[in-house]
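What follows is each chain in one-letter form.
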Amino acid sequence: MDTVEPAYGTGTLLLIAAAAVALLLLLIIRFKLHAFPALVLVSALTAVATRVPTGEIVDTLTSGFGSTLASVALLVGFGVIIGKLLEVTGGAKVLADTLIARFGEQRAPLALGIASLLFGFPIFFDAGFVVFLPIIFAVARRFGGSVLRYALPSAGAFAIMHAFVPPHPGPVAAGELLGLGANIGVLILVGTVIAVPTWFVSAYLFGLWAARRIDVPLPAEWAGRVAANVGGGQGRSAGTGGAPATATGDGPAASESDDLPGPPPSFGTVLFILLLPLVLIFLNTGLNTLATAGTVDGDAGWVQTLRLIGQTPIALLIAVLVAMVVLGRGRFSRGKVEDLANGALGPVCAVILITGAGGMFGGVLRASGIGQALSDTLAETGLPVIVAAFVISLGLRVAQGSATVALTTTAGLIAPTVEATGGLTTLDLCFIVIAIAAGATALSHVNDSGFWLVGRFLGMDVPTTLRTWTVMETIIGFVGFGLAFVGYLVL
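Residues numbered from 1 in each chain as written. Predicted model: local features only at pLDDT ≥ 70, side-chain atom pairs only at ≥ 80, totals over all residues. Heavy atoms only, no water.

1. Here's the deal with the overall build of the protein chain
Here is step 1: Of regular secondary structure, the protein chain possesses 20 helices and zero strands.
Here is step 2: Against the 2.2 N^0.38 benchmark of 23 Å for 491 residues, the protein chain shows a C-alpha radius of gyration of 22 Å, consistent with a compact globule.
Here is step 3: Overall size of the protein chain, expressed as C-alpha extent along the three principal axes, is 70 × 60 × 45 Å.
Here is step 4: Taking all 491 residues of the protein chain together, the buried fraction comes to 56%.
Here is step 5: In the protein chain, of all internal contacts separated by at least 6 residues, the share reaching a separation of at least 24 is 81%. (Helix = DSSP H or I, 4+ residues; strand = E, 2+ residues; numbered from the N terminus. Rg over C-alpha atoms; globule rule 2.2 N^0.38 Å. Buried < 20%, exposed > 50% of the residue type's maximum accessible area, 1.4 Å probe, protein only. Contact = heavy atoms within 4.5 Å.)

Set out below in structure tokens:
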């Protein structure tokens, strides 16, 4: 929907915006209302309060919701299917075992972190970490030392990939709201380039440092479970686990790979499945760059065809189909592969709906004139848009805990400012998305489900979780923002 003539002045609109955010936080934190209906309710009330014409309110809500889901739902859906197939076939364990064997005992934390970065491309933080937990515990038992030495590099990798890199819902939604819908490939590239050094400093080096100072032993209830994994062989074991229904169980549930009739996929197959969509997406990005530079004819049929298969939804669709055939052959019937896809999609529906509702809220902010009012105010303060994006996202993260809500809400708030800021390149927009993601990662504490997931499964009390997980997440946020800010200034 187009922006209507604002019914109020800048001051009043900003007060309504502040009240809307405060109400959203109150509903989520105090009244424990699920973020999806909370966002929809606040969006509708904000539209009414700002006097969006009554006949246009529903269209404004559904327009923002639908435009966000148009990009997010496809990418997230395809991504989680790939992750699920790799999980249940034992691909995650093969990936970790092979890298540990090649890196050696002393670099086992590095190997686990790199494996988690790769596996973290298609799979959500909580699911990926839970799948890797038995591997982490097996390696900790085999090589000794604090569990933090192995767990933090892995958990940090999943957290960074989940916040910084598409096809995860937060960065996809933020990119869409800021106008990067046609350049998700560039966002993947920029996000990956920033994610790797951020992980190395914030998760790997900090993990080693924390492990030398804080001894977190292997949880007693896991000692028997991981015994079979101690040999570090390539075969599957009962410890490859799947995501639990909630983060409050006794531990990860047994994986569907436990009853797998065929052998696990080879390391090369796992790597091929993970890299295939990236190669196709980068092919599109590279051809677009060459066409813009005049090196190739952008209107040529072969260029258009290759760019089509490199569009992010098509690239992930191709990767899903290849994964279904390659990983399912000799292991599952077609009906079982369909069941696995259904099982992968169910748990992410809530995240997809929350992301769409965040886009709805952003649409209302734009249509009501609030976004423009915030843009004008920020312009008067002289605060760089990338800094404002980080600060707003950080505040929302601390207040309500959800990184996805912080990402989408901040992107909706800051979008008019970005649009009004002249001279921003595609790279600049990518750096702003990363700044928002960094703010949405830092200062994880007791209102974040990830805080309890990591703390409970590693057997840590609240103070220890604050000294380890919270500190690591905060370093991730500030290092990621620092790298994005430097890129924004230099490139």
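2. Some thoughts on the packing of aromatic side chains
Here is step 1: Applying the stated criterion across every chain, the model contains 14 aromatic pairs.
Here is step 2: Their ring planes at 75° and their centres at 5.3 Å tell us that Phe-132 and Phe-158 sit as a pair that is edge-to-face. Of this pair, Phe-132 sits in helix H6 (residues 125–143) while Phe-158 sits in helix H7 (residues 148–164), placing them 26 residues apart in sequence.
Here is step 3: Among the aromatic residues, ring-to-ring pairing joins Phe-390, Phe-478, Phe-481 and Phe-485 into one connected group.
Here is step 4: Directly above the aromatic system of Phe-31 lies the positively charged group of Arg-30, at a separation of 5.6 Å from the ring centroid. (Phe/Tyr/Trp six-rings, centres within 6.5 Å; stacked < 30°, edge-to-face > 60°. Lys NZ or Arg CZ within 6 Å of the ring centre and 35° of its normal.)

3. Overview of the packing of helix H16 (residues 385–400) against helix H18 (residues 426–439)
Here is step 1: At a minimum axis distance of 7 Å, the contact between H16 and H18 shows a crossing angle of 25°. Regarding the angle of H16 to H18, the classification is roughly parallel. For the pair H16 and H18, the sense of crossing is right-handed. Facing H16, whose interface residues are Val-385, Ile-386, Ala-389, Phe-390, Ser-393, Leu-394 and Arg-397, H18 presents Phe-431, Ile-432, Ala-435, Ile-436, Ala-438 and Gly-439.
Here is step 2: Each residue belonging to the contact of H16 with H18 can be placed in one class, and the counts come to 10 nonpolar, two polar and one charged. (Axes fitted to C-alpha atoms, helices over the stretch in contact; angles between N-to-C directions. Parallel < 35°, antiparallel > 145°, perpendicular 65-115°, else oblique. Left-handed = near helix turned anticlockwise from the far one by under 90°. Nonpolar A, V, L, I, M, F, W, Y, C, P; charged D, E, K, R; others polar.)

4. Structural notes on the side chain of Ser-444
Here is step 1: With respect to the element layout, Ser-444 can be found in the loop between H18 and helix H19 (449–457).
Here is step 2: Discounting residues that sit within four places of it in the chain, Ser-444 has contacts with Arg-397, Phe-451, Trp-469, Thr-470 and Glu-473.

5. Concerning the nonpolar core
One recurring pattern in soluble globular proteins: nonpolar side chains tend to sit buried together.
Here is step 1: Ranked by size, the top nonpolar core spans 165 residues in total, and within it Phe-129, Phe-132, Phe-164 and Leu-458 carry the most contacts.
Here is step 2: Apart from residues no more than four positions distant in its own chain, Phe-164 is found in contact with Pro-171, Gly-191, Ile-194, Ala-195, Thr-198, Ile-434, Ala-437, Ala-438, Thr-441, Ile-476 and Gly-480. (Core = buried A, V, L, I, M, F, W, Y, C linked by side-chain atoms within 4.5 Å.)

6. Side note on the side chain of His-162
Here is step 1: Mapped onto the elements of the fold, His-162 is located in helix H7.
Here is step 2: Within polar-contact distance, the side chain of His-162 engages the backbone nitrogen of Phe-125 at 3.4 Å.
Here is step 3: For His-162, the residues in contact, after removing those within four places along its chain, are Phe-124, Phe-125, His-168, Pro-171 and Thr-404. (Polar contact = N/O pair within 3.5 Å; in protein donor to acceptor, adjacent residues only side chain to side chain.)

7. Things to note about unusual backbone geometry
Leave glycine aside and you will find that most residues have negative phi; peptide bonds, for their part, are mostly trans.
Here is step 1: The peptide bond linking Pro-166 to Pro-167 adopts the cis configuration, its omega dihedral lying at 15°.
Here is step 2: Structurally, the position occupied by Pro-167 is in the loop between H7 and helix H8 (169–177).
Here is step 3: Even without being a glycine, Lys-32 presents a positive backbone phi close to 55°.
Here is step 4: Inspection of the secondary structure assignment puts Lys-32 in the loop between helix H1 (10–30) and helix H2 (35–49).
Here is step 5: One non-glycine residue with positive phi stands out, namely Arg-51, at about 60°.
Here is step 6: Among the structural elements, Arg-51 can be located in the loop between H2 and helix H3 (54–88).

8. Focus: the pattern of salt bridges
Here is step 1: Applying the stated criterion to the full structure yields four salt bridges.
Here is step 2: Between Asp-97 and Lys-93 there is a salt bridge; the shortest N-O distance is 2.5 Å. Pair noted here: Asp-97 and Lys-93 are both in helix H4 (residues 91–103), with a separation of four residues, about one helical turn.
Here is step 3: Note on Asp-97: relative accessible area 8%, which makes it buried.
Here is step 4: Across the pair Arg-397 and Asp-448 runs a salt bridge, and its minimum N-O distance is 3.2 Å. One end of the pair, Arg-397, is in helix H16; the other, Asp-448, is in the loop between H18 and H19, and 51 residues separate them in sequence. Across the pair, Asp-448 and Arg-397 agree in class, each one buried.
Here is step 5: One salt-bridge network, in which partners are shared between bridges, spans Arg-397, Asp-448 and Glu-473. (Salt bridge = Lys/Arg side-chain N within 4 Å of Asp/Glu carboxyl O.)

9. Here we look at the confidence of the model for the protein chain
Here is step 1: Averaged over every residue, the pLDDT of the protein chain is 84; residues scoring 70 or more account for 90%.
Here is step 2: Within the model, the stretch residues 226–258 combines pLDDT values under 50 with 83 contacts to residues more than four positions away or in other chains. (pLDDT = per-residue confidence, 0-100.)

10. Points about helix H20 (residues 462–490)
Here is step 1: The terminal C-alpha atoms of H20 lie 40 Å apart, and with 29 residues this matches the ideal 42 Å at 1.5 Å per residue to within 8%.
Here is step 2: In H20, a bend of some 25° at Thr-470 exceeds every other bend along the element. (Expected span 1.5 Å × (residues − 1). Bend = angle between axes of the 7 residues up to and from the residue.)

11. Section: helix H12 (residues 312–328)
An α-helix turns once every 3.6 residues. As a result, residues three or four positions apart point the same way.
Here is step 1: With 17 residues, H12 ought to run about 24 Å at 1.5 Å a step, and its terminal C-alpha atoms sit 23 Å apart, in line with that.
Here is step 2: Inspection of H12 places Thr-312, Ala-315, Leu-316, Ala-319, Val-320, Ala-323, Leu-327 and Gly-328 among the buried residues, and these make up the whole buried set. Seen along its axis, H12 keeps its buried residues to an arc of 155°; they face one direction.
Here is step 3: Summarising the contacts, the buried residues of H12 are in contact with H3, helix H9 (184–213), helix H10 (267–293), helix H11 (301–309) and helix H13 (334–345).
Here is step 4: One or two steps after H12, the chain reaches Gly-330, where phi turns positive at roughly 80°. (Arc of directions from axis to C-beta.)

12. Considering the environment of Lys-93
Here is step 1: For Lys-93, a relative accessible area of 6% gives the class buried.
Here is step 2: With 35 residues separating them along the chain, Lys-93 and Val-58 place their C-alpha atoms 48 Å apart.

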